[in-house]
Amino acid sequence: MRPGAEELNYEIRGIVKKARMIEQLGYDITWENIGDPIQKSNTIPSWMKAIVADLVSNDQSYGYSDSKGMLETRQFLAEINNRRKGVQITADDILFFNGLGDAIAKLYQFLIPTARIIGPSPAYSTHSSAEAAHANTSPITYMLDPDNNWYPDMDDLYNKVKYNPGIVGILIINPDNPTGMVYPKEVLERFVSIAREFNLLLIADEIYQNITYNGYEAIALSEVIGDLPGISMKGISKEFPWPGSRCGWMEFYNKESSKEFKKLCTTLENAKMIEVCATMLPQLAIPKIMSHPEYVPYRKEANDRIGRRSRIMEETLGDVKGIKFNKTKGAFYNTIIFEESLLNADQHLPVDDPKVRALLDNWLQEKEMPHDKRFVYNLLASEKICVVPVSSFCSDLRGFRVTLLEENEEVFRQTFKRLADSIRYYLESSKKVALADTH
Ligand SMILES: Cc1ncc(COP(=O)(O)O)c(C=O)c1O
């Protein structure tokens with residue numbers, strides 16, 4: 001195996017194995033680990049199902065598409081981008097993949113191992129693992145700062161780019177997974193100016209571009225990039241939502257601006273040609289769904305509901321002592337960071353059932369376990385809430401990621417109340433032990 005194989009790690013799914021063990025003991029798990037709206041009882045509107053049902057009864061849906069993707073769909077998507085009045089593209093600048101996960105894997109795979117893409121930390125692991133696997137080493141990251149609204153630490157980015165000539169591109173995730181941040185224009189313009197200064201490719205994962213609320217809106221890479229080379233990555237897993245469709249695409253900006261970039265785009269197209277094409281049915285559905293009169297109001301209502309949950313989360317967690325909390329502005333995640341000096345290996349949550357206790361004790365044997373993982377295991381055993389530790393998002397910060405997907409507002413409120421109570425209990429728990437010991 002290549003050494004890079006060891007970099008492939010996806011704790012978002014890994015934690016599920018542990019949760020299943022608790023489930024087998026007869027408990028219901030509150031799944032907060034994965035961004036799958038369908039798993040959280042998001043319902044697909046009947047007009048959308050009718051479009052898909054119609055396509056299912058059409059023989060064309062069962063064939064191959066052009067290797068780049070259906071021409072009409074690519075034309076439709078190019079037109080949507082062009083309405084933003086930034087970089088203009090044609091159908092030729094769009095390439096379909098089997099989900100954005102597939103696009104991400106392909107993107108890094110064709111770069112030589114010494115050509116590095118620097119990405120945000122905390123990192124969405126599909127990017128960081130794929131980048132690290134291609135380079136046969138750990139990922140290179142710039143810090144997102146929980147003390148400054150999760151905005152990127154631009155000095156950190158600048159210095160890493162300046163002193164690491166292997167870096168050929170910058171990854172931006174906007175709106176961001178796992179922080180829920182939406183970048184203001186000045187931040188995006190700073191990325192562009194650094195890319196210009198060091199002759200870098202800009203890659204923006206914009207899968208959450210249309211999932212913003214409470215007055216925030218995501219500015220697209222195509223609006224700020226000017227004449228630099230760039231790739232935007234988009235998909236329908238979150239927006240429709242249709243994660244099981246495995247359908248995502250790349251938009252290439254300014255393909256002619258550099259010889260190397262053009263070659264990368266051609267290589268990606270050739271790679272898709274070898275595979276024949278991406279999934280057909282969702283591509284046929286995209287223009288029909290996105291141009292349906294109900295689509296914009298439907299998405300707005302779904303966003304408004306996430307926005308309401310973001311406010312509930314802020315009410316519940318905003319004043320908890322010992323954590324850094326930034327409200328969610330886009331996508332549907334929040335990353336809560338512990339004040340690191342407050343964490344230690346003696347902290348715990350109450351677990352009454354001896355069988356669950358035995359499982360937890362066993363999990364806690366893991367060597368060199370980061371403190372946030374201890375909390376996550378305790379939370380799973382105590383409250384049966386399954387979250388993902390931040391240490392598994394390529395970060396030195398200690399905390400955890402939650403989702404804002406629970407559609408039942410009362411269940412959502414109760415979950416975050418339990419979470420807030422658990423954080424308070426956990427942070428106080430080692431003091432309780434210390435006090436008990438002295439008496
Ligand atoms: C930032 C980001 N990019 C890409 C993906 C993967 O999307 P897809 O389902 O299209 O593979 C996700 C999924 O959670 C994501 O959060």
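Bear in mind the structure is a predicted one, so any value in this text is a computation, not a measurement.

Rules of the game
- Residues numbered from 1 in each chain as written.
- Predicted model: local features only at pLDDT ≥ 70, side-chain atom pairs only at ≥ 80, totals over all residues.
- Heavy atoms only, no water.
- Helix = DSSP H or I, 4+ residues; strand = E, 2+ residues; numbered from the N terminus.
- Buried < 20%, exposed > 50% of the residue type's maximum accessible area, 1.4 Å probe, protein only.
- Contact = heavy atoms within 4.5 Å.
- Areas by Shrake-Rupley, 256 points an atom, 1.4 Å probe, with all protein chains shown as cover.
- Lys, Arg positive; Asp, Glu negative; His and termini not counted.
- Charge placed at Lys NZ, Arg CZ, Asp CG, Glu CD.
- Core = buried A, V, L, I, M, F, W, Y, C linked by side-chain atoms within 4.5 Å.
- Pairing = 2+ DSSP bridges.
- Axes fitted to C-alpha atoms, helices over the stretch in contact; angles between N-to-C directions.
- Near = heavy atom within 4 Å.
- Polar contact = N/O pair within 3.5 Å; in protein donor to acceptor, adjacent residues only side chain to side chain.

Participant: Just give me the short version of the overall build of the protein chain, but keep the residues and values in it.
Facilitator: In terms of regular secondary structure, the protein chain is built from 14 helices and 14 strands. Along the longest, intermediate and shortest principal axes, the C-alpha atoms of the protein chain span 75 × 55 × 45 Å. Residues counted as buried form 57% of the 439 residues belonging to the protein chain. Restricting the contact set of the protein chain to residue pairs at least 6 apart, pairs at least 24 apart contribute 72%. In the form shown here, the protein chain has an accessible surface area of approximately 19,000 Å², with 51% of it arising from carbon and sulfur atoms. The centroid of the 52 positive side-chain charges in the protein chain is displaced by 1 Å from the centroid of its 60 negative side-chain charges.

Participant: Please give an account of the nonpolar core that cites residues and values.
Facilitator: Counting residues in hydrophobic clusters, the biggest one holds 75 residues, and the most contacted among them are Leu107, Ile231, Met233, Met250, Leu317, Phe400 and Ile423. The dominant element in this core, judged by the number of residues it contributes, is helix H14 (residues 409-438), at 7 residues. Those residues within four positions of Leu317 in sequence are excluded, and the remaining contacts are Ile323, Phe325, Ile336, Phe416, Ala420 and Ile423. Listed in part, the 57 residues of the second largest apolar core include Met48, Met70, Leu77 and Ile337.

Participant: Could you give me a rundown of the sheet that holds strand E11 (residues 333-338), with the residues and numbers involved?
Facilitator: Taken together, 4 strands build an open sheet; the order of strands is E10-E11-E14-E13 and the sheet is antiparallel. Strands with a single pairing partner mark the edges of an open sheet, and in this sheet they are strand E10 (323-324) and strand E13 (388-389). In terms of strand pairing, E10 meets E11 through 2 bridges, oriented antiparallel. Residue pairing in the sheet places Lys324 in a bridge with Ile337 of E11.

Participant: Residues and numbers for the sheet that holds strand E2 (residues 94-97), please.
Facilitator: Read from one edge of the open sheet, 8 strands run E2-E9-E8-E7-E6-E3-E4-E5, paired in mixed fashion. Edge positions in the sheet fall to E2 and strand E5 (151-152), since each of these pairs with one other strand and no more. Taken together, the 6 bridges between strand E8 (residues 230-235) and strand E9 (residues 248-253) define a ladder with antiparallel strand orientation. What sits directly across from Ser232, in E9, is Glu251. The sheet strands contacting helix H6 (residues 154-162) are strand E3 (116-121), strand E4 (141-145), E5 and strand E6 (167-173), and the helix crosses E4 at an angle near 175°.

Participant: Any details on the site of the ligand? Residues and values, ideally.
Facilitator: The ligand sits among 14 residues. The nearest are Leu100, Asp205, Tyr208, Ser237 and Lys238. At 2.7 Å from an oxygen atom of the ligand is found a side-chain nitrogen or oxygen belonging to Tyr208. Contact between the ligand and Ser237: an oxygen atom at 2.6 Å from a side-chain N or O atom of the residue. For the ligand, whose free accessible area comes to 400 Å², the fraction covered by protein is 92%. Considering every element that reaches the shell around the ligand, the biggest residue donor is helix H4 (residues 100-109), with 3 residues.

Participant: Give a description of the environment of Leu264 that names residues and reports values.
Facilitator: With respect to the element layout, Leu264 can be found in helix H9 (residues 259-275). Judged by its relative accessible area of 11%, Leu264 is buried. Separated by 154 residues in the primary sequence, Leu264 and Phe110 have C-alpha atoms spaced 7.6 Å apart. Non-local contacts of Leu264, meaning those with residues more than four positions away in its chain, are made with Leu107, Leu111, Leu201 and Ile231.

Participant: Provide a residue-level description of the pairing of E9, including the pertinent values.
Facilitator: Within E9, 6 of the 6 residues are buried, which leaves the element mostly enclosed by the surrounding structure. Here E9 shows two buried faces, one formed by Gly248, Met250 and Phe252 and the other by Trp249, Glu251 and Tyr253. Pairing geometry for E2 and E9, over 4 bridges, is antiparallel. Bridging from a neighbouring strand, Phe96 pairs with Trp249 of E9.

Scope: geometric values only; no functional claims are made or implied.
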